[in-house]
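Results of the structural survey
Here's the letter readout for the chains.
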Amino acid sequence: MIPELFLWLIIFLPFISFAIISIFIRPLIKQTDIISSYISVFAISLSFILSLWALISVFSSDDKIILNTFSWIHIGAFKINFGLLLDPLSAVMLIVVTSVSLLVQIYSIGYMHDDKSFSRYFAYLSLFTSSMLGLVLSVNIIQLFIFWELVGLCSYLLIGFWVTRPSAAAASKKAFLMTRIGDIGFLIAILYLSKFIDVFAAESLDPFLITDLSNHLSIGLLSINSITIISIGIFLGAIGKSGQFPLHTWLPDAMEGPTPVSALIHAATMVAAGVFLVARFYHIFEASAITMDIIVVIGIITILLSAMLGLVMTDIKRVLAYSTVSQLGYMMLALGVGAYVPAIFHLFTHAYFKALLFLGSGNISHASGGTFDMRYFGGLRKFMPLTFFSFLIGSLSLSGIFPLAGFWSKDEILTNLYFSDHILHNYVFYFALLGAFFTALYMFRVIFLTFYGDFRGGAENDENVAHRIPIHLSDPPKTMVLPLIILASCTILFGYLVNPTIDIFFIKAHWLSNFLYSEEHHHVSFSISIAFISTVIAFSGILLSYILYYKNQNFLNKIKNRLTHLHNILENKYFIDYLYEKIIVKIVVYQYVAKFLYWFDQHIVDGVIQMVDQSSKKIAFQFGKFQTGQLQNYALFITIGILLIFIFFAFNNKIWNIINISL
């Protein structure tokens with residue numbers, strides 16, 4: 001069993017790295033910036049080793065490990081205890097966060113080697129990793145919310161890392177504000193929970209303690225309306241962080257940050273925090289059929305809208321960003337239909353193959369002079385064989401091709417949809433298949449535009465490159481290739497080793513399912529027919545992509561000409577950004593709301609203050625007239641005052657009581 005101290009060290013080792021780099025390395029020994037990366041990588045390596053120990057401890061234990069270390073606030077029935085919660089869900093998330101973070105940081109040593117803010121970059125990465133690990137291990141919903149906000153802050157810092165670029169600054173502000181909108185819902189849910197402190201206390205429970213809140217007894221203490229309000233509030237927070245419709249617009253813009261940041265934050269960790277949040281409070285969501293249906297609807301809308309946008313984007317990172325939004329939609333959809341384990345399984349596999357794709361895009365840009373525009377790539381498979389094969393493996397996995405990891409996790413989601421007793425889920429199944437078709441189509445659009453044909457000049461022909469570097473058409477240094485090889489290996493092996501459908505030597509069938517969800521539940525068996533259908537659909541997308549983007553591009557131009565309006569809508573991202581920025585912000589907020597608030601401030605707030613001010617002056621002026629300086633007038637006022645006091649007491653029988661006592 002892992003000791004408590006080492007469990008805390010999982011969180012604090014990256015934080016110590018952040019502190020050392022920020023306080024000592026960056027200001028004192030800036031000329032040896034490379035030390036920052038070594039400290040950061042060493043710290044996260046130790047956290048990864050301790051996370052493996054934590055996973056083994058939970059696996060060998062029959063129950064979750066709860067450590068209520070100290071009490072922060074205790075006022076009557078209101079109390080907030082901070083501590084750690086290590087259960088199967090948090091143990092799996094620890095492995096995902098630490099392993100992907102370690103590989104991204106190793107990759108960053110090569111990718112960011114010539115950046116002037118090298119130390120600041122690794123300080124931010126360390127702080128982010130520490131915050132994410134704190135979020136995963138939180139035992140209290142308020143503690144979780146604190147780390148939740150820290151993760152958002154780190155995302156803001158990393159997206160806007162290149163502070164001199166206006167586009168990066170705008171993207172970081174957009175991400176910060178959009179996620180805050182969702183966080184308001186999360187905060188309202190927490191505040192609403194405080195209403196039930198006495199109700200929970202009567203049963204010796206704490207509404208803020210995650211284990212108590214997810215307890216079946218706790219759910220029985222709440223009405224269905226209260227459960228719905230709480231679950232929808234929590235889900236709003238998840239919508240913001242995981243880039244779900246309609247708060248998804250920040251995530252593609254967040255690609256302005258360094259590519260390793262995109263791999264870590266916007267593929268494997270922060271955006272997956274929303275899925276983790278819903279999974280963490282899954283028993284509450286399960287109790288509200290309304291919320292579950294809302295999650296299903298939001299999930300499938302997100303899948304389709306994002307997948308279609310991936311067909312028209314020319315920036316390779318933006319295609320991957322919309323792909324991330326779409327895959328997060330699959331995870332939310334799975335949670336909404338009650339497929340808890342498939343959702344976490346897909347989160348697990350997606351973290352590795354999407355990090356692989358993002359880091360591969362970094363290699364492509366690095367070789368092409370700094371551009372991410374696929375219109376200026378082409379023919380790179382001849383020059384970058386390692387990057388090509390690793391990117392191909394990631395794309396096949398994302399498309400759901402057997403036997404890669406993405407096939408197994410996505411197939412479980414589709415199977416649960418198909419065999420569900422809910423009619424909504426059965427209809428959604430066909431839309432989910434359509435999403436799988438679009439996924440294969442846009443990913444192999446990337447493959448054919450980037451790696452096939454002839455090289456189209458790279459950054460030399462792209463006028464919009466923010467940071468140009470020399471073009472060198474070859475695989476990058478070992479520090480940028482080794483993480484891709486490891487991630488590609490994980491993508492190949494994890495699908496049938498992590499949650500196999502049959503016993504494989506000493507690995508039990510569905511061991512991850514049994515580990516994550518130990519309670520008795522109906523397990524949907526592997527369906528060959530569903531797997532066959534999804535694979536055929538994926539290959540259909542690949543075939544169509546081959547025809548449109550490699551074999552016969554004239555046919556593609558004809559389609560564009562016939563579907564001009566649809567193409568225009570997709571290129572403008574359904575005009576959702578236009579709605580938010582031009583109409584809601586500039587017209588509704590600036591021209592109406594802001595003007596009304598200005599008028600209210602000037603005439604109501606300032607008017608009341610000025611009225612009080614003028615009234616006080618007039619009253620003071622009238623009282624000032626009594627200040628004549630003549631003693632006889634003062635004596636007169638004193639006499640009148642005494643008489644008034646006497647009369648007042650007389651009418652209250654005070655004087656008569658005194659006289660009667662004296663007599």
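All of these numbers come straight from a predicted model, not from anything done at the bench.

1. A look at the overall build of the chain
Per the secondary structure count, the chain includes 28 helices and two strands. When its C-alpha atoms are laid out on the principal axes, the chain stretches across 120 × 60 × 60 Å. By the burial criterion, 55% of the 663 residues in the chain qualify as buried. Taking contacts inside the chain between residues at least 6 apart in sequence as the whole, the part at least 24 apart equals 78%. Carbon together with sulfur atoms contributes 68% to the accessible area of the chain, which is approximately 29500 Å² in total. A gap of 11 Å separates the mean positions of the 37 positive and 36 negative side-chain charges of the chain.

2. Side note on the packing of helix H23 (residues 528-551) against helix H24 (residues 553-562)
At their nearest, the axes of H23 and H24 sit 6 Å apart, and the two run at 100° to each other. Relative to H24, the element H23 is oriented roughly perpendicular. Taken together, the residues of H24 that come into contact with H23 (itself represented by Ile-547, Leu-548, Tyr-549 and Lys-551) are Gln-553, Phe-555, Leu-556 and Ile-559. Counted by class, the contact of H23 with H24 contains six nonpolar, one polar and one charged residues.

3. A short note on the confidence of the model for the chain
Mean pLDDT for the chain: 88, with 96% of residues reaching 70 or above. No element of the chain has a lower mean pLDDT than helix H28 (residues 654-662), which averages 57, and none a higher one than helix H15 (residues 289-309), which averages 95.

4. Observations concerning the packing of aromatic side chains
With the rule as written, the count across this model stands at 42 aromatic pairs. Taking 5.8 Å as the distance between ring centres and 25° as the angle between the ring planes, the aromatic pair formed by Tyr-107 and Tyr-111 counts as stacked. Pair noted here: Tyr-107 and Tyr-111 are both in helix H3 (residues 88-111), with a separation of four residues, about one helical turn. There is no split in this pair, since Tyr-107 and Tyr-111 are both buried. A connected cluster of aromatic rings, assembled from ring pairs, spans Phe-388, Phe-389, Phe-391, Phe-444, Phe-448, Phe-451, Tyr-452, Tyr-546 and Tyr-550. Here the guanidinium or amino end of Arg-165 rests over the ring plane of Trp-162, the centre of that ring lying 4.0 Å away. A cation sits over an aromatic face here: Lys-317 above Phe-372, 4.9 Å from the ring centre.

5. Quick look at the nonpolar core
If you look at the biggest cluster of nonpolar residues, it comprises 206 residues, and the most contacted ones within it are Leu-86, Phe-281 and Tyr-340. Apart from residues no more than four positions distant in its own chain, Tyr-340 is found in contact with Leu-89, Ala-279, Tyr-282, Ala-334, Leu-335, Leu-516 and Tyr-517.

6. Considering helix H19 (residues 405-418)
In this model, H19 (14 residues) spans 20 Å end to end at C-alpha, consistent with the 20 Å of a helix rising 1.5 Å per residue. Along H19, 13 of the 14 residues are buried, which leaves the element largely enclosed by surrounding structure.

7. So, the side chain of Ser-231
Within the element layout of this structure, Ser-231 appears in helix H10 (residues 224-241). Owing to a relative accessible area of 0%, Ser-231 belongs among the buried residues under this scheme. Within the structure, the side chain of Ser-231 is placed 2.8 Å from the backbone oxygen of Ile-227, a separation counted as a polar contact. Those residues in contact with Ser-231 that sit more than four places away from it in its chain are Ile-284, Phe-285, Ser-288 and Thr-291.

8. Section: the pairing of strand E2 (residues 78-86)
Counting buried residues in E2 gives seven out of nine residues, a clear majority hidden from the surface. With nine bridges joining them, strand E1 (residues 65-75) and E2 adopt antiparallel strand pairing. Considered in E2, the bridge of His-74 is made with Lys-79.

9. Focus on the packing of helix H16 (residues 316-336) against helix H17 (residues 340-367)
For the pair H16 and H17, interaxial distance at closest approach is 9 Å and the crossing angle is 175°. What the angle tells us is that H16 and H17 run roughly antiparallel. On H17, the residues touching Ile-316, Lys-317, Leu-320, Ala-321, Ser-323, Thr-324, Gln-327, Tyr-330, Met-331, Ala-334 and Leu-335 of H16 are Tyr-340, Ala-343, His-346, Leu-347, His-350, Lys-354, Leu-357, Phe-358, Ser-361 and Ile-364. Classifying every residue of the contact of H16 with H17 gives 13 nonpolar, six polar and two charged.

10. Describing the pattern of salt bridges
Taken as a whole and assessed by the stated rule, the structure comprises 11 salt bridges. With its nearest N and O atoms 3.2 Å apart, the salt bridge here joins Glu-149 to Arg-180. Of this pair, Glu-149 sits in helix H5 (residues 141-159) while Arg-180 sits in helix H6 (residues 166-193), and the two are 31 residues apart along the sequence. The partly exposed category is assigned to Glu-149, whose relative accessible area is 23%. Linking Arg-375 and Asp-373 is a salt bridge whose minimum nitrogen-to-oxygen distance equals 2.6 Å. Note on Arg-375: relative accessible area 49%, which makes it partly exposed. If you follow the salt bridges from partner to partner, you end up with Lys-174, Asp-253, Arg-318, Lys-573, Asp-577 and Glu-581 in one network.

11. Here's the deal with unusual backbone geometry
Residues Phe-245 and Pro-246 are joined by a peptide bond in cis, for which omega reads 5°. Structurally, the position occupied by Pro-246 is in the loop between H10 and helix H11 (250-253). For the peptide bond that leads from Phe-402 to Pro-403, omega is 5°, which places it in the cis range. With respect to the element layout, Pro-403 can be found in the loop between helix H18 (385-399) and H19. Residues other than glycine seldom take positive phi values, yet Ser-204 does so here, at roughly 60°. Along the chain, Ser-204 falls in the loop between helix H7 (197-201) and helix H8 (210-213). Using a relative accessible area of 68% as the deciding quantity, one classes Ser-204 as exposed. Although it is not a glycine, Lys-573 adopts a positive phi angle of roughly 55°. Topologically, Lys-573 is positioned in the loop between helix H25 (564-571) and helix H26 (576-624).

12. Some thoughts on the environment of Lys-354
Residue placement: Lys-354 occurs in helix H17. Linking Lys-354 and Ala-263, residues 91 residues apart in sequence, is a C-alpha distance of 7.1 Å. Beyond its immediate stretch of four places on either side in the chain, Lys-354 contacts Ala-267, Leu-320, Ser-323, Thr-324, Gln-327 and Leu-398.

13. What to know about the environment of Gly-336
Here Gly-336 is to be found in helix H16. We classify Gly-336 as buried; its relative accessible area is 2%. For the pair Gly-336 and His-425, spaced 89 residues apart in the sequence, the C-alpha separation amounts to 9.2 Å. Apart from the residues within four sequence positions on either side, Gly-336 is in contact with Met-292, Ile-295, Val-296 and His-425.

Calculation rules
- Residues numbered from 1 in each chain as written.
- Predicted model: local features only at pLDDT ≥ 70, side-chain atom pairs only at ≥ 80, totals over all residues.
- Heavy atoms only, no water.
- Helix = DSSP H or I, 4+ residues; strand = E, 2+ residues; numbered from the N terminus.
- Buried < 20%, exposed > 50% of the residue type's maximum accessible area, 1.4 Å probe, protein only.
- Contact = heavy atoms within 4.5 Å.
- Areas by Shrake-Rupley, 256 points an atom, 1.4 Å probe, with all protein chains shown as cover.
- Lys, Arg positive; Asp, Glu negative; His and termini not counted.
- Charge placed at Lys NZ, Arg CZ, Asp CG, Glu CD.
- Axes fitted to C-alpha atoms, helices over the stretch in contact; angles between N-to-C directions.
- Parallel < 35°, antiparallel > 145°, perpendicular 65-115°, else oblique.
- Nonpolar A, V, L, I, M, F, W, Y, C, P; charged D, E, K, R; others polar.
- pLDDT = per-residue confidence, 0-100.
- Phe/Tyr/Trp six-rings, centres within 6.5 Å; stacked < 30°, edge-to-face > 60°.
- Lys NZ or Arg CZ within 6 Å of the ring centre and 35° of its normal.
- Core = buried A, V, L, I, M, F, W, Y, C linked by side-chain atoms within 4.5 Å.
- Expected span 1.5 Å × (residues − 1).
- Polar contact = N/O pair within 3.5 Å; in protein donor to acceptor, adjacent residues only side chain to side chain.
- Pairing = 2+ DSSP bridges.
- Salt bridge = Lys/Arg side-chain N within 4 Å of Asp/Glu carboxyl O.

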